[in-house]
Amino acid sequence: MKRTLLSLILAALLLLSGCKAGQAVPASGERYQASFLTLFDTVTTIIGYAESKEAFTAQAQQIHDDLLIYHQLFDIYNTYPDIQNLKTVNDNAGIAPVQVDRKLIDLLLFCREIYDSTDGRVNAAMGSVLSLWHACRTEGIDDPESARLPEEAALKQAAEHTDFDAVCIDPEAGTVFISDPLTRLDVGAVAKGYAVEQVCRSAPKGLLISVGGNVCATGPRPDGTAWVVGIQNPNGGDNLHTLRITGGSVVTRGDSQRYYTVDGKQYHHIIDPDTGMPGTYWRSVTILCDDSGLADGLSTALFLLPQEEGQKLLDRFGAQAMWVDAEGNEYLSPGFSDYIRT
């Protein structure tokens, strides 16, 4: 894939040109925004200040290229030259271990931690179940009149092959082996946030990076003030709130983006491992957290849990959240309101 930005939107909108990782972005310079569509099947946006368009473009291109590496490694649908990615691992389930990049090893170790921490609510080994929903959702969007749900028997059979213990990760050998030939990996619950976190750790200070709504601030704006990040209303229209952040991540998980309709009822993509069906507790959950990968995982877990159980997870990881239910009622963790601007 050619590594180019699909679009560069220049506006009096923050990034530093030519600075090394960890250096502060200067308070001077124009504000720019770059957007591209080549990563994780979503829109990626980078905002920053720079002394020139060329300097900003170079910095944005580097961030794009760094994210592209993770995009290709975590892909379960496509192969790439000279890359052993998750599709390669899935294709070799029950056959042989696959030698993979250390970045993929680290992701799967992180997935194991999230799996254990959430009692399986966030399970990267649920690919067999998720693939059934993905196929029906794709068909239903393409041909709404023929939209259907996955067959119950197929879901039950697939659910028998979602044990993360079947994923054998050998960090020393650098290999991954799925011992159950019917188990499949799908890291969609954490992939974007994890990739954003890894790239932001080495990015210049003072940027705002968003990958499909996984928003990470690498520090305050150059003048020391906070970034303003909106929380999408699951019913559409204006944002529910705007938040002030000077670092860390804001991640929202909801039912309003990836869904399809069967017999007049909408079915979204966040699947409860206990039922094999879309979760029904909430319309959306927004997480505030220092780590974007953790925020991504927590947003899925809390979406599939009652508020009290979700709050226990937040307390464990020192994160904050806002839940929105089907009636539009909002529920905030104790420290969330400190970040609300409007």
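What counts and what doesn't
Residues numbered from 1 in each chain as written. Predicted model: local features only at pLDDT ≥ 70, side-chain atom pairs only at ≥ 80, totals over all residues. Heavy atoms only, no water. Buried < 20%, exposed > 50% of the residue type's maximum accessible area, 1.4 Å probe, protein only. Helix = DSSP H or I, 4+ residues; strand = E, 2+ residues; numbered from the N terminus. Pairing = 2+ DSSP bridges. Disulfide = S-S within 2.5 Å. Phe/Tyr/Trp six-rings, centres within 6.5 Å; stacked < 30°, edge-to-face > 60°. Polar contact = N/O pair within 3.5 Å; in protein donor to acceptor, adjacent residues only side chain to side chain. Contact = heavy atoms within 4.5 Å. Salt bridge = Lys/Arg side-chain N within 4 Å of Asp/Glu carboxyl O.

Visitor: I'd like to hear about the pairing of strand E3 (residues 42-50), residue by residue, with values.
Guide: Where a strand is regular, its side chains alternate between the two sheet faces. Most of E3 is tucked away: eight of the nine residues are buried. Sheet topology note: the strand E2 (residues 30-39)/E3 ladder contains eight bridges and is antiparallel. Counterpart to Phe36 in the pairing with E3 is Thr44. Linking two consecutive strands that pair antiparallel, namely E2 and E3, is a turn of two residues; a positive phi of about 55° is found at Phe40 within it. Inspection of the sheet shows E3 paired to strand E7 (residues 208-211) by four bridges, in the antiparallel sense. For Ile47, the partnering residue across the bridge sits in E7 and is Leu208.

Visitor: Tell me about the sheet that holds strand E5 (residues 167-170), and please be specific about residues and values.
Guide: Taken in spatial order, the three strands line up as E4-E6-E5 in an open sheet, and their pairing is antiparallel. Lying at the two open borders of the sheet, with one neighbouring strand each, are strand E4 (98-99) and E5. Bridge analysis of E5 against strand E6 (residues 175-178) gives four bridges, and the strand direction is antiparallel. The residue bridging Asp170 from the neighbouring strand is Thr175, located in E6.

Visitor: Lay out unusual backbone geometry in plain terms, naming residues and giving numbers.
Guide: Positive phi, close to 55°, is recorded for Phe40, a residue that is not glycine. Checked against the element boundaries, Phe40 lands in the loop between E2 and E3. According to the relative accessible area criterion, Phe40 is buried, its value standing at 11%. For Asp263, which is not a glycine, the phi torsion comes out positive at approximately 55°. Note that Asp263 resides in the loop between strand E12 (259-262) and strand E13 (265-268). Owing to a relative accessible area of 80%, Asp263 belongs among the exposed residues under this scheme.

Visitor: Could you give me a rundown of the state of the cysteines, with the residues and numbers involved?
Guide: Counted under the stated rule, the structure contains zero disulfides. Unpaired in terms of disulfides, Cys168 finds its nearest cysteine sulfur in Cys111, a separation of 15 Å.

Visitor: Could you give an account of the packing of aromatic side chains, naming the residues involved and the relevant values?
Guide: According to the stated counting rule, one finds nine aromatic pairs in the structure shown. Their ring planes at 55° and their centres at 6.1 Å tell us that Phe74 and Tyr194 sit as a pair that is tilted. Placement of the pair is Phe74 in helix H1 (residues 53-74) and Tyr194 in helix H6 (residues 191-202), with a sequence separation of 120 residues. The burial state of Phe74 is the same as that of Tyr194; both residues are buried. Three or more aromatic residues joined by ring pairs make a cluster, and in this case those are Tyr70, Phe74, Phe110 and Tyr194.

Visitor: Give a description of the side chain of Ser292 that names residues and reports values.
Guide: Locating Ser292 in the fold gives a position in helix H7 (residues 292-303). Among the residues examined, Ser292 registers a relative accessible area of 0% and is labelled buried. Within the local environment of Ser292, its side chain forms a polar contact with the backbone oxygen of Gly193, the two atoms lying 3.2 Å apart. Residue contacts for Ser292: discarding those within four places in its chain leaves Gly193, Val196, Glu197, Ser249 and Val251.

Visitor: Can you explain the pattern of salt bridges? Please cite residues and give values.
Guide: With the rule as written, the count across this model stands at nine salt bridges. Ionic pairing is found between Asp296 and Arg253, a salt bridge with its closest N-O pair at 2.5 Å. Of this pair, Asp296 sits in helix H7 while Arg253 sits in strand E11 (residues 248-254), and the two are 43 residues apart along the sequence. Across this residue pair, the class does not change: Asp296 and Arg253 are buried. Taken together, the salt bridges that share partners define one network made up of Glu197, Arg201 and Asp291.

As far as function goes, none of this settles anything; it's purely spatial.
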